[in-house]
Amino acid sequence: MTETVPTTEHDVVAIGCGPFNLGLAALASTVDDVDLVVLEEEPELTWHRGMMLRDASMQVNFLADLVTLVAPSHPLSFLAYLHDMDRLYTFTVRENFFPSRREYEDYLRWAAAKLPSVRFSHRAQEVRWDAADGRFTVDVVRGDGTRLRVRARDLVVGIGTAPDVPDALAALPEERLLHTSAYLYRTSDVAAADKVTVVGSGQSGAEVVVDLLGRNIDGGPAVSWLTRTPSFAPLDYTKMNLELTTPAYMRYFHSLPQDVRDRLVKEQWQFYKGVSTDTLEEIHELLYQRQLEHGPAEVELRFGITVESSAVDPATGRVVLTCRHRDTGEAFAHTTDLVVAATGYRNRTPAFLEPVDGLLARDARGRPRVRADHSVELADGVTGRVFVANAEIHSHGVSAPNLDIGAVRNATILNAVTGREAYRLPKRSAFTSFDVPGRL
């Protein structure tokens, strides 16, 4: 007997419930003619729990929430959350408009609880395209093992990124290696090590160094920080340079040839590999305080260093990194007990998309070809659309992962889905002109 699987019909099905798809659900909740459902395999919303350090702050201000930059009066704004929590007045007196990460996650959970379209413990198992009726079918397994199907005309993939461990470190055993994303889950390993080495920089790496320096001052392990960047460089968040993260620049960036886009992404590395000036100042202050202590374990900071390979010395059980000094080309060995990989994240191709993978157009490097409205170019005859969230740096620029672009991207997607201006997009978001003068 053929199993009868419960099936529901919608306009849009979004897979993954991070801030971007949650924001899509929030904006869709006030558009009457859009039936959207969000599927999330985890039982609840969590956000970067492994890096929820006590003093960790957001790098965007509270206006870059789920909705405000396109819908400032929306009932799921950060200000509405503060009002609901009776913290609006104290937040104002605080005069720091950059929430802590802990508070931002609490805001996300508050918003998710108010959206019946968000369904946790729903794992997307397989996506198929039905050419007969022009709809995507998503096979879903709930947390209790129940199977169901969700069908929709359009699909939004927002599953986030995965921790990236480079080949030079990948051979290390788990007990000797951790990614920054799991740092707070492995504090017992950090405390047990005689020496901890952070490889890579960026904000996450620097925040781990802050934590390690505090431990070092209190008698904890020796600390090394190795990064291949040419300096411990700050995030370039100067106001005029931030115009490169605006919707205006994103539109311009998308109009460029792909080889030019790839060059610009490499040149603009300080948008995503730099460190906030506040964190750099905190590191310097901790290094200064450390001078007042007697006998703390060694601290070593080196930039311009490439880690080429790694292994565990069988005689000592310690990790040996083979490194190269980029300025001189000289190789050297670095010995440590535990490596923290601050090596960023990578886009992942979800297994549930395999049945429709052949329908997705790709560029010469195998990346999806993404239109200006964040939909992927599809094979002829496919009338549905597949939109992506935070998988389009190569097509839309380095601001694609930023929270402050999320509301604009989601409004763009909803405008495309409805075929009208459900949300008014900003037309003048930058003072700078990016294109050739007089070009239409």
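It should be noted that the structure appears before, not after, this text.
Let me sum up the structure you'll find in this document.

Some details on the overall build of the protein
Scanning the protein for helices and strands turns up 12 helices and 17 strands. A compact globule built from 440 residues should have a C-alpha radius of gyration of about 22 Å, and the protein, at 23 Å, falls within 12% of that. The buried share of the protein, reckoned over its 440 residues, is 49%. Taking all contacts inside the protein whose residues are at least 6 apart in sequence as the whole, residues at least 24 apart take part in 70%. When the accessible area of the protein is evaluated, it comes to approximately 21,800 Å², of which 50% is carbon and sulfur surface. Averaging the locations of the 47 positively and 60 negatively charged side chains of the protein gives two centres separated by 3 Å.

Topic: the sheet that holds strand S14 (residues 331-336)
As summarised here, the arrangement of the 3 strands in space is S12-S13-S14, forming an open sheet in which the pairing is antiparallel. Among the strands making up the open sheet, the edge pair consists of strand S12 (305-312) and S14. In this sheet, adjacent strand axes meet at a mean angle of 25° when their direction is disregarded. Where strand S13 (residues 319-325) lies against S14, 6 bridges are found, and the strand directions are antiparallel. Its bridge partner being in S14, Leu321 is matched across the sheet by His334.

Looking at helix H12 (residues 406-418)
For an α-helix, the turn length of 3.6 residues means that residues three or four places apart are oriented alike. Spanning 13 residues, H12 covers 18 Å between terminal C-alpha atoms, matching the ideal 18 Å at 1.5 Å per step. Within H12, 12 of the 13 residues are buried, which leaves it mostly tucked inside the rest of the structure. Every buried residue of H12 is accounted for by Gly406, Ala407, Val408, Arg409, Asn410, Ala411, Thr412, Ile413, Leu414, Asn415, Ala416 and Val417. Its buried side turned inward, H12 meets strand S1 (7-15), helix H1 (19-28), strand S6 (147-157), helix H8 (247-254) and strand S17 (385-388).

What about the sheet that holds strand S8 (residues 177-179)?
Ordered by their spatial adjacency, 5 strands build an open sheet running S8-S15-S9-S10-S11, and the pairing between neighbours is parallel. Of all strands in the sheet, those bounded by a partner on one side alone are S8 and strand S11 (299-303). Sheet twist, expressed as the average angle between the axes of neighbouring strands with direction ignored, equals 15°.

Looking at the pattern of salt bridges
Counted according to the given criterion, the structure contains 31 salt bridges. Across the pair Arg153 and Asp11 runs a salt bridge whose closest N-O atoms are separated by 3.8 Å. Taken together, the residues span a long stretch of sequence, with Arg153 in strand S6 and Asp11 in strand S1 at a distance of 142 residues. Salt bridges sharing partners connect three or more residues here, namely Glu9, Asp130, Asp133, Arg135 and Arg151.

Description of the packing of H1 against H12
Running from N to C, H1 and H12 cross one another at 55°; their axes reach a closest spacing of 9 Å. The angle between the axes of H1 and H12 places the two elements in the oblique class. Of the two possible hands of crossing, H1 and H12 adopt the one that is right-handed. Where H1 abuts H12, its residues Phe20, Gly23, Leu24, Leu27 and Ala28 lie against Gly406, Ala407, Arg409, Asn410, Ala411, Ile413 and Leu414.

Considerations on helix H4 (residues 101-113)
For H4, spanning 13 residues, the distance from its first C-alpha to its last is 18 Å, which sits close to the expected 18 Å at 1.5 Å a residue. Restricting attention to buried positions, one finds in H4 the residues Arg101, Glu103, Tyr104, Glu105, Tyr107, Leu108, Trp110, Ala111 and Ala112. The inward-facing, buried residues of H4 abut H1, helix H2 (78-84), helix H3 (88-94) and helix H7 (202-217).

Side note on the nonpolar core
Core analysis: the biggest nonpolar cluster contains 51 residues, and Leu22, Leu27, Leu36, Val70, Tyr107, Leu108 and Tyr423 have the highest contact counts within it. Among the secondary structure elements, those contributing two or more residues to this core are S1, H1, strand S2 (36-39), H2, H4 and H12. With near-sequence residues (within four places) excluded, Tyr107 lies in contact with Asp65, Leu66, Leu76, Ser77, Phe78 and Tyr81. With 26 residues, the next largest nonpolar core counts Ala206, Leu213, Val275 and Ile283 among its residues.

The rules behind each value
Residues numbered from 1 in each chain as written. Predicted model: local features only at pLDDT ≥ 70, side-chain atom pairs only at ≥ 80, totals over all residues. Heavy atoms only, no water. Helix = DSSP H or I, 4+ residues; strand = E, 2+ residues; numbered from the N terminus. Rg over C-alpha atoms; globule rule 2.2 N^0.38 Å. Buried < 20%, exposed > 50% of the residue type's maximum accessible area, 1.4 Å probe, protein only. Contact = heavy atoms within 4.5 Å. Areas by Shrake-Rupley, 256 points an atom, 1.4 Å probe, with all protein chains shown as cover. Lys, Arg positive; Asp, Glu negative; His and termini not counted. Charge placed at Lys NZ, Arg CZ, Asp CG, Glu CD. Pairing = 2+ DSSP bridges. Axes fitted to C-alpha atoms, helices over the stretch in contact; angles between N-to-C directions. Expected span 1.5 Å × (residues − 1). Salt bridge = Lys/Arg side-chain N within 4 Å of Asp/Glu carboxyl O. Parallel < 35°, antiparallel > 145°, perpendicular 65-115°, else oblique. Left-handed = near helix turned anticlockwise from the far one by under 90°. Core = buried A, V, L, I, M, F, W, Y, C linked by side-chain atoms within 4.5 Å.

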